[in-house]
Amino acid sequence: MSFGGPAGQIAILHAELVERRRWISERRFLHALNYCMVLPGPEAQQLATYLGWLLHRTRGGLAAGVLFVLPSLFILIALSWLYVSHGEQPLVAAVLWAVKPAVIAIVVHAAWRIGGRVLKTPWLWAIAVLAFVALAGFSTPFALVLIGAAATGWALGRWWPASLGPQGKNPHGSKPASPQARHPPALIDDHTPPPPHARFSRSGLLRVILAGGLLWVIPMAALTLWTGRDGTFAQMGLFFSQAALLTFG
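Read on for an overview of the structure. Remember, predicted model here, so these are calculated numbers, not experimental data. (Residues numbered from 1 in each chain as written. Predicted model: local features only at pLDDT ≥ 70, side-chain atom pairs only at ≥ 80, totals over all residues. Heavy atoms only, no water.)

### Points about the packing of aromatic side chains
Thinking step 1. In the structure shown here, the tally under the stated rule is 6 aromatic pairs.
Thinking step 2. Ring centres 5.5 Å apart and planes at 85 degrees place the aromatic pair Trp154 and Trp159 in the edge-to-face group. Considered together, Trp154 and Trp159 belong to a single accessibility category, that of exposed residues.
Thinking step 3. A cation sits over an aromatic face here: Lys100 above Trp97, 3.6 Å from the ring centre. (Phe/Tyr/Trp six-rings, centres within 6.5 Å; stacked < 30°, edge-to-face > 60°. Buried < 20%, exposed > 50% of the residue type's maximum accessible area, 1.4 Å probe, protein only. Lys NZ or Arg CZ within 6 Å of the ring centre and 35° of its normal.)

### Some remarks on the pattern of salt bridges
Thinking step 1. Tallied over the full model, the rule gives 5 salt bridges.
Thinking step 2. As a salt-bridge pair, Glu26 and Arg117 come within 3.0 Å of each other at their nearest N and O atoms. Note that Glu26 is positioned in helix α2 (residues 26–38) and Arg117 in helix α4 (residues 90–118), a separation of 91 residues in sequence.
Thinking step 3. Overall, Glu26 belongs to the partly exposed group, its relative accessible area being 21%.
Thinking step 4. The class of Arg117 is partly exposed, set by a relative accessible area of 26%.
Thinking step 5. Residues participating in the shared-partner salt-bridge network are Glu19, Glu26, Arg113 and Arg117. (Salt bridge = Lys/Arg side-chain N within 4 Å of Asp/Glu carboxyl O. Helix = DSSP H or I, 4+ residues; strand = E, 2+ residues; numbered from the N terminus.)

### Some details on the packing of helix α8 (residues 202–227) against helix α9 (residues 232–246)
Thinking step 1. Packing of α8 against α9 leaves a shortest axis separation of 8 Å and a crossing angle of 150 degrees. With respect to their mutual orientation, α8 and α9 come out roughly antiparallel. The segment α8 lies against α9, with Trp216, Met220, Leu223, Thr224, Trp226 and Thr227 engaging Phe233, Ala234, Gly237, Leu238 and Ser241.
Thinking step 2. Split by residue class, the contact of α8 with α9 holds 7 nonpolar, 4 polar and no charged. (Axes fitted to C-alpha atoms, helices over the stretch in contact; angles between N-to-C directions. Parallel < 35°, antiparallel > 145°, perpendicular 65-115°, else oblique. Contact = heavy atoms within 4.5 Å. Nonpolar A, V, L, I, M, F, W, Y, C, P; charged D, E, K, R; others polar.)

### Side note on α2
Thinking step 1. Here α2 is 13 residues long and its end C-alpha atoms lie 19 Å apart, about the 18 Å a rise of 1.5 Å per residue gives.
Thinking step 2. Among all positions of α2, only Arg28, Phe29, Leu30, Ala32, Leu33 and Cys36 are buried.
Thinking step 3. Summarising the contacts, the buried residues of α2 are in contact with α1 (6–20), α3 (43–86) and α4. (Expected span 1.5 Å × (residues − 1).)

### Structural notes on unusual backbone geometry
Thinking step 1. Look at Arg22: it is not a glycine, yet its phi comes out positive at around 55 degrees.
Thinking step 2. Take Arg22: it is sitting in the loop between α1 and α2.
Thinking step 3. Under the relative-accessibility criterion, Arg22 is labelled buried at 11%.
Thinking step 4. The phi angle at Arg57 is positive, at roughly 60 degrees, despite the residue not being glycine.
Thinking step 5. Its location among the elements puts Arg57 in helix α3.

Here it is in structure tokens:
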């Protein structure tokens, strides 16, 4: 259902989970999104996996993570075959070129939709504009943009918290509407305590690390035994494992 990469996917997640189904409040959703943005790897899939895990423990995380990517995998295989086999034909080439402006429009709309819920003050808009200029104009590494934005937010929150948004009152002096007045209560609301499985424990952390390690080691070992270390699939697995650890946002 989603086109335009992570921006479109996150916009659909927000529309479904926050606005339509009320499974999670907007504040908790944006908090999770911020957290997933800082992690290496694809933030939209991490966000879906995290929300599934938060709602239904491990089985929810696995279902959300697998089903987030599986349908698009089959579509991607079909489109890849079409591009490789018939991409030079004028009709197919024209269709692929025609998709580009539509995708750009989807990305811009999704970014505006999510950004409008987060960028509440001129200072936040300034940070977003500077981040865009640094990325698009100067090819600044994304990790440096994240560190710069985090340091700026920390400094503003410490010495000038009003620049990050209204604290208790809106700019016109009246009290802001309560979340319940704007939306019905969410299943996971702003002040819902974390469920037991979401509370930190050393044993839980070790189990997750062990399970994650096995989920990577077993397929990679199978591919290496099947095709050899220099085989196409083994090399693809290694490449994307490295990419997942080095890419942010």
